[in-house]
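Below are the chains, spelled out letter by letter.
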There are 2 protein chains.
Amino acid sequence: MGENKIAKQCPVGRTVLLIIIAGLTGVGIGCLAMWSGIRMSFPTYFSRETTSGPNFVIFLADDVGYGDFQVYGHPIQEWTGVDRMAKEGKRFTHFYTPVAVCSPSRAAILTGRYPVRAGIFGHGQVFVHGSSGGLPRREVTIAEALKEEGYLSGITGKWHLGINKYNNTDGYHLPSHHGFDAVKTILPFSQNWACRQHESYIPGMSDSCFLYENDKIIEQPINLGSLTSKLLNDTIHFITSHKDDRFFYLMSFPQTHEALFSNRRFRGMSKRGPYGDSINEMGWAINEVLDHLVKLGIDSKTFALFLSDHGAVRRGCGEDGSNRPFRGEKCTTWEGGVRLPAVSWWPGVIEPNSVSHDVLSTLDILPTVVQLANRQRRISSRIIDGKSFVDVIIKKEGTPSDAADRPLFFYCNNVLTAARFRNHKIHYYTSNQSSDSLVKEGHAKCSMDTPKRIREYIAQYSCENFVKQDPPLMFNLESDIEEHVALNPKSQHYQKILTDLKKQMDIHAMSIEEVESEINKPTLPTLKPCCDPPVCMCNYEE
Amino acid sequence: MGENKIAKQCPVGRTVLLIIIAGLTGVGIGCLAMWSGIRMSFPTYFSRETTSGPNFVIFLADDVGYGDFQVYGHPIQEWTGVDRMAKEGKRFTHFYTPVAVCSPSRAAILTGRYPVRAGIFGHGQVFVHGSSGGLPRREVTIAEALKEEGYLSGITGKWHLGINKYNNTDGYHLPSHHGFDAVKTILPFSQNWACRQHESYIPGMSDSCFLYENDKIIEQPINLGSLTSKLLNDTIHFITSHKDDRFFYLMSFPQTHEALFSNRRFRGMSKRGPYGDSINEMGWAINEVLDHLVKLGIDSKTFALFLSDHGAVRRGCGEDGSNRPFRGEKCTTWEGGVRLPAVSWWPGVIEPNSVSHDVLSTLDILPTVVQLANRQRRISSRIIDGKSFVDVIIKKEGTPSDAADRPLFFYCNNVLTAARFRNHKIHYYTSNQSSDSLVKEGHAKCSMDTPKRIREYIAQYSCENFVKQDPPLMFNLESDIEEHVALNPKSQHYQKILTDLKKQMDIHAMSIEEVESEINKPTLPTLKPCCDPPVCMCNYEE
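So, here is what we can say about the structure in this document. Because the structure is predicted, anything quoted here is derived from the model rather than measured.

1. Digging into the state of the cysteines
Next up, step 1: Evaluation of the coordinates by the stated rule reveals eight disulfides over all chains.
Next up, step 2: Here A:C530 connects covalently by a disulfide to A:C536, the sulfurs 2.0 Å from one another. Its torsion about the S-S bond being -105°, the disulfide of A:C530 and A:C536 is classed as left-handed.
Next up, step 3: On the basis of relative accessibility, which here comes to 12%, the residue A:C536 falls in the buried class.
Next up, step 4: Between B:C102, a cysteine without a disulfide, and B:C331, which holds the nearest cysteine sulfur, the sulfur-to-sulfur distance is 8.1 Å.

Pasting the structure below:
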């Protein structure tokens, strides 16, 4: 419908001129959504023989680190679907999440806004299975934004933005209430420590492992061996059913959140061990989806994006993900926590085997997707923190980047802990953990019983443990990617950057309205999903 | 001459059969040096239309880290000749040096033997410009080993295996006395802190920066702006002159040893800063040499190998190289000190864009080169610690590796500090520096005057500062590439590995004959090279 409107306003005859204007000035993006029927050699993006915006597939990984793939420098990780995407598409080296923990990072992706605006902060940082809060319905997700353009949206896999509100079956916060038309197999909560494959479920915690189909619980605990296949089947089914529609699909993997798992087919196969097996299983599923897009002949009109939600955990048991070359990890705002592996794929449009060093954020996904769907569209009803990176997607490698004068802010809960600004990283607060150092007694920690380990883990990663840095620590991220040597706070250079950043921070701070914490809303045992009470065990598929 | 002899022993008619036997059994390498005139499709290596072994070009970098190139995962390093080699050839992920400091690491490359056998250990770990010791003439270098096969050898760039013995002009230890027929521009000592570009030379230290042509000093201090071009000209000249001969050429770069430098053409161009400029200048020279080999039409009969001598220094001034994803650095025997970026290139023979995870060592270069030059040749006059990796070079990606039951030992001076054994790393002693941690006062350290910094640096990296680990630390390098979590010394797994390794260590230890330290031999001011005394400044080229 959206596209019909544009067609009326922009007769095909005018399209070429308008495209040239847009190309030269970067504004006047009047009718670009049409891509006209006319073949042009430059830029490739506009030469597609289609009259509508592309489909969107987002592959979202859980707790996977920047250094976890071969194309990102892992020495022994096997080749995966993600590496294939990089070979056939564009790999990003500076793609950030504003928060390095699950629930807020997912809110940022879906809304294009700092999660503090939606109240996605609070004690524990994430929703648990008895939480009454969730992503507020007033927020507009990508799925909702695209509905206006005639897109259909689907999701499978991890959600982690709330489940119930009033009772344990209302599903008030689930994706069907956030614009997703097709909700298949989902983990409303998260893969978690209690759901260990080949082990007894931890007493009193096995009820935290459950699978939904749309708004209904179908499996508790989760059969992890078949989980990835389920998600893949959902995805293939959705894509096939809607190959002639325009769609947005979020394939949200539980990999590689602890407890690590993999199907028998992958188990014990990776040189890296269980972590590599898990990466390989996810990579296999991604590869299958890409193959299917090609088979259906819709690859050239599908923009796919792989990314993680934040850095890898350093479990300290010798089976960790890698955030290298960066310092830090999940729940910290060092680069290792907030810089993501991210790869885009769009055959015929994106230059194969290209690399982008542009500074981007998960906040940018919503505006990018909306611009690709409809170049005329302006979002004016609410503050969007991201900006479209359509130009980055289509530009050839070697084209200079825009001056990265835009600051990116990083939060732990509702505290602004750090910022990326003009090739520098500035830390106002830092996590006090030192996970990069040697863990001599790691084996002892690893054999610790799981509930104790979880308690220790949660305490360690708490925002309350962040240490104030006054003066703030500043690093030059180009000459010092490892955030190793802090710049001299007395230098003019340091002062200038801090002063300029302060101005932007003040503007940012003023734009943040105080909202209620969704995560601090009551957590009640009565809200916990439970099938076949009081046992809370079922498998309705069998 | 060597090749004529083989031709006599092996009539052409028998070659095919013998090759097949060799392929099946891995032994019986009777006549493979001939490569016969018959075209065969498998393996590629044997199908070359040549009747002799290939040329050898080794590009040796100084202090460049594993993570310093784009193909090894550096996020912002520009594309270089090294990345080109990886794209057109084979990249190694497990290539080790037995010692993580210059003089011994270079002795290992040239002799195929642990440097402790040649006496390349001692206080300070490296030769200085007044040293009377050097690589003993009894050692047989690659250049000498290849002489028997009719090869000509050339060298340009850094040597660092001794200069003079009796007076400051005898050049007793220089490369011309170690089998190199053509010695052009060389740095007999090393690029060093005193040789800072665009800065006053450090009082009393400028005499440590000098350039030789063969056995004669030609420039003191060094004009760093033209240095790389000089080395490139030497290399191009040698290769062109000997394009119809069989040759071995060592292009030994001063990059990226402090003081960092680059020509005006590269300066300020890298996104990374001066370190990236330095990498780019070296990469440019490598690219030029490759282009020249192609232009001369001898690329398909030239085996080129790029490698560093050991891991990068962590200067702590925000302009460091990257050893990521590994822990540690130069002068430590953590992976970051001993694992090297290494790439091989041989158009038409090596599978393009391939990656090898085989565990290799710089000790293996000599036997590999000798086997490629003459497959019949057996080295029996002395202990060679390395083994040929010809099979790794020619095999297709995905072919299983040999079981890596061979231990690789790592030394600091004459102390065996660590070992790589069956995918595990075992540390008997570890460096006590913690360079991976945050350097809050780095700016203060960086503005420290250079002689003081050097003293502090040398003290910090001394072998005397290594700390004994009892029980030894053990890491699983596959699931824990960062040497982060030590395994439980009480586990059966740990005990088994340690016991098996002990047997191999005993054999190794018994094979080491006690020899005099070359580095501890007197260091005398009268041995320091000095042109135009007492000023010690000249430029005989101008």
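2. A few points about the packing of helix α6 (residues 224-241) of chain B against helix α7 (residues 274-295) of chain B
Residue and element names in this part refer to chain B.
Next up, step 1: Relative orientation of the contacting elements α6 and α7 amounts to 15°, with a least axis distance of 10 Å. Considered as vectors, α6 and α7 are oriented roughly parallel to each other. Crossing of α6 over α7 shows right-handed handedness. Residues G225, T228, S229, L232, T235, I236, I239 and T240 of α6 touch α7, and the partners they reach there are E281, W284, A285, E288, V289, H292 and L293.
Next up, step 2: Looking at the contact of α6 with α7, its residues break down into seven nonpolar, six polar and two charged.

3. Brief notes about the packing of aromatic side chains
Next up, step 1: Under the definition given, this model contains 40 aromatic pairs over all chains.
Next up, step 2: Ring centres of A:Y114 and A:F409 lie 6.2 Å apart, and the angle between their planes is 50°; on these two criteria the pair is classed as tilted. Residue A:Y114 is found in the loop between α4 (102-111) and α5 (142-147), and its partner A:F409 is found in strand β12 (residues 408-412); the two are separated by 295 residues along the sequence. Summarising the burial analysis for this pair, A:Y114 and A:F409 share the class buried.
Next up, step 3: Both rings, one in B:F180 and one in B:F248, keep their centres 5.9 Å apart while their planes meet at 35°; by these two values the pair is tilted. Taken together, the residues span a long stretch of sequence, with B:F180 in the loop between β3 (152-158) and β4 (182-187) and B:F248 in strand β7 (residues 247-252) at a distance of 68 residues. The burial state of B:F180 is the same as that of B:F248; both residues are buried.
Next up, step 4: Taken together, the aromatic side chains of A:F56, A:Y151, A:F303 and A:W346 make up a single cluster linked through ring pairs.

4. With respect to the sheet that holds β12(A)
All names here are of chain A.
Next up, step 1: With respect to topology, four strands assemble into an open sheet ordered β12-β13-β14-β15, the strand pairing being antiparallel. Looking at which strands have only one partner, the edges of the open sheet turn out to be β12 and β15 (467-476). Across the sheet, the axes of successive neighbouring strands diverge by a mean angle of 20°, strand direction being ignored.
Next up, step 2: With five bridges connecting them, β12 and strand β13 (residues 415-421) associate as antiparallel partners. Of the residues in β13, the one forming a bridge with L408 is R420.

About the cut-offs
Residues numbered from 1 in each chain as written. Chains lettered and ligands numbered in written order. Predicted model: local features only at pLDDT ≥ 70, side-chain atom pairs only at ≥ 80, totals over all residues. Heavy atoms only, no water. Disulfide = S-S within 2.5 Å. Buried < 20%, exposed > 50% of the residue type's maximum accessible area, 1.4 Å probe, protein only. Axes fitted to C-alpha atoms, helices over the stretch in contact; angles between N-to-C directions. Helix = DSSP H or I, 4+ residues; strand = E, 2+ residues; numbered from the N terminus. Parallel < 35°, antiparallel > 145°, perpendicular 65-115°, else oblique. Left-handed = near helix turned anticlockwise from the far one by under 90°. Contact = heavy atoms within 4.5 Å. Nonpolar A, V, L, I, M, F, W, Y, C, P; charged D, E, K, R; others polar. Phe/Tyr/Trp six-rings, centres within 6.5 Å; stacked < 30°, edge-to-face > 60°. Pairing = 2+ DSSP bridges.

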